[in-house]
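Coordinates in review
If you want the building blocks of each chain, they are given just below.
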Amino acid sequence: MPATTPVVYPIPVGADNYVWLMETAAGDAVIFDPGDFAPVADVLQRSRLNLTHILITHHHHDHTDGVTALARHFGARVIGHARDAGRLPPLDLAVGDGDAIPLGPLNCEVMATPGHTLGHVVYRIGDALFTGDTLFSLGCGRLFEGTAEMMWDSLRRLRALSGIGRVFPAHEYTLANLGFVLKLEPEREDLASLKWWVHEQIDQGKPTLPTTMERELQFNPFLRADDPDFVQRIGMTGNTAVAVFAHVRTMRNHH
Ligand SMILES: [Zn+2]
């Protein structure tokens, strides 16, 4: 890996999606989950970056609606999970768990993270993890296709990665997720500074993302279903981690 950390920018799309743009080499860039054409094309044209690849985490339309038009317009190659090839825009490169993709001088690792959808993948480039709708800041994706067991297993794999600094989810859900965390663990005093910071970012119209793996390990309830202190606080002592995870996911659905 090069010594310099790749630069990543958010491009806001729709109500609360971010399309992440990463500069991979001088003048080259890749993007993740473009759910729209115009706002992304506009940024690329103004920045004069050469779009080499479009990476898709999963088949939902708010992550894919801009893919084909952007690929045609900029001559970019489209990358997605082979498992979901029939549900994704046409792929130039169909990948699977454990694959390594060269993106210019950078190496991108693919990890399958079933749960939100069965074919969801995340991408790791150096210290950066692009988590789509698997891991959010203070939250995780809803279980539309997979089971609680699958999602808990996926999140445990992400949690176990070493060297992850920045985490880039595809949605600005932090404020709503924070409200849920405050309800779950109202007595935690170490949430105060995070709460202040999140509100300040939102009030100023700034993204709360990327988050960091360190922050998520500390505060994200979906990464702590096997943390005895957390489990005790929510009154689930004696249950399996999967049962705790499923319970918290259900509570969040109704929050
Ligand atoms: Zn989704």
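Structural data are supplied above this passage.
1. A look at the environment of Arg252
- Within the element layout of this structure, Arg252 appears in helix H9 (residues 241-253).
- Taking the C-alpha atoms as reference points, Arg252 and Ala176, 76 residues apart in sequence, are found 10.0 Å from one another.
- Other than its neighbours up to four places away in sequence, Arg252 contacts Gly139 and Phe180.

2. Considering the sheet that holds strand S2 (residues 17-25)
- Pairing within the open sheet is mixed, and its six strands lie in the order S1-S2-S3-S4-S5-S6. The open sheet terminates on both sides in strands that have one partner only, identified here as strand S1 (8-13) and strand S6 (93-95). Pairs of neighbouring strands in the sheet enclose a mean axial angle of 25°, with direction left out of account.
- Looking at chain direction, strand S4 (residues 50-55) and strand S5 (residues 77-81) are connected through three bridges and run parallel. The residue bridging His53 from the neighbouring strand is Arg77, located in S5.
- Packing against the sheet, helix H1 (residues 38-47) makes contact with S1, S2, strand S3 (28-32) and S4, and its axis sits at approximately 145° to S1.
- Along the sheet, helix H3 (residues 67-74) makes contact with S4 and S5, crossing S4 at roughly 150°.

3. What about H9?
- Spanning 13 residues, H9 covers 18 Å between terminal C-alpha atoms, matching the ideal 18 Å at 1.5 Å per step.
- Among the residues making up H9, those that are buried are Val244, Phe245, Val248 and Arg249. Taken end-on, H9 shows its buried residues confined to a sector of 135°, consistent with a single buried face. Facing away from the buried side of H9, by more than 90 degrees, are the exposed residues Thr250 and Asn253.
- For H9, the secondary structure elements touched by its buried residues are helix H4 (148-159) and helix H8 (228-233).

4. Comments concerning the packing of helix H5 (residues 174-184) against helix H6 (residues 192-203)
- Interaxial distance between H5 and H6 falls to 10 Å at its minimum, and their mutual angle equals 155°. In this view, H5 runs roughly antiparallel relative to H6, as classed from their interaxial angle. Note that H5 runs across H6; the crossing there is left-handed. For the pair formed by H5 and H6, the contact residues are Thr174, Leu175, Leu178 and Leu182 on the first element and Lys195, Val198 and Ile202 on the second.
- For the contact of H5 with H6, the class distribution of residues is five nonpolar, one polar and one charged.

5. Some details on the pairing of S1
- Inspection of the sheet shows S1 paired to S2 by six bridges, in the antiparallel sense. Bridged to Tyr9 within S2 is Leu21.
- The hairpin turn running from S1 into S2, its antiparallel successor, is three residues long, and Gly14 in that turn takes a positive phi close to 65°.

The rules behind each value
Residues numbered from 1 in each chain as written. Predicted model: local features only at pLDDT ≥ 70, side-chain atom pairs only at ≥ 80, totals over all residues. Helix = DSSP H or I, 4+ residues; strand = E, 2+ residues; numbered from the N terminus. Contact = placed C-beta atoms within 7 Å. Pairing = 2+ DSSP bridges. Axes fitted to C-alpha atoms, helices over the stretch in contact; angles between N-to-C directions. Expected span 1.5 Å × (residues − 1). Buried ≥ 20, exposed ≤ 12 C-beta atoms within 10 Å, placed from the backbone. Arc of directions from axis to C-beta. Parallel < 35°, antiparallel > 145°, perpendicular 65-115°, else oblique. Left-handed = near helix turned anticlockwise from the far one by under 90°. Nonpolar A, V, L, I, M, F, W, Y, C, P; charged D, E, K, R; others polar.

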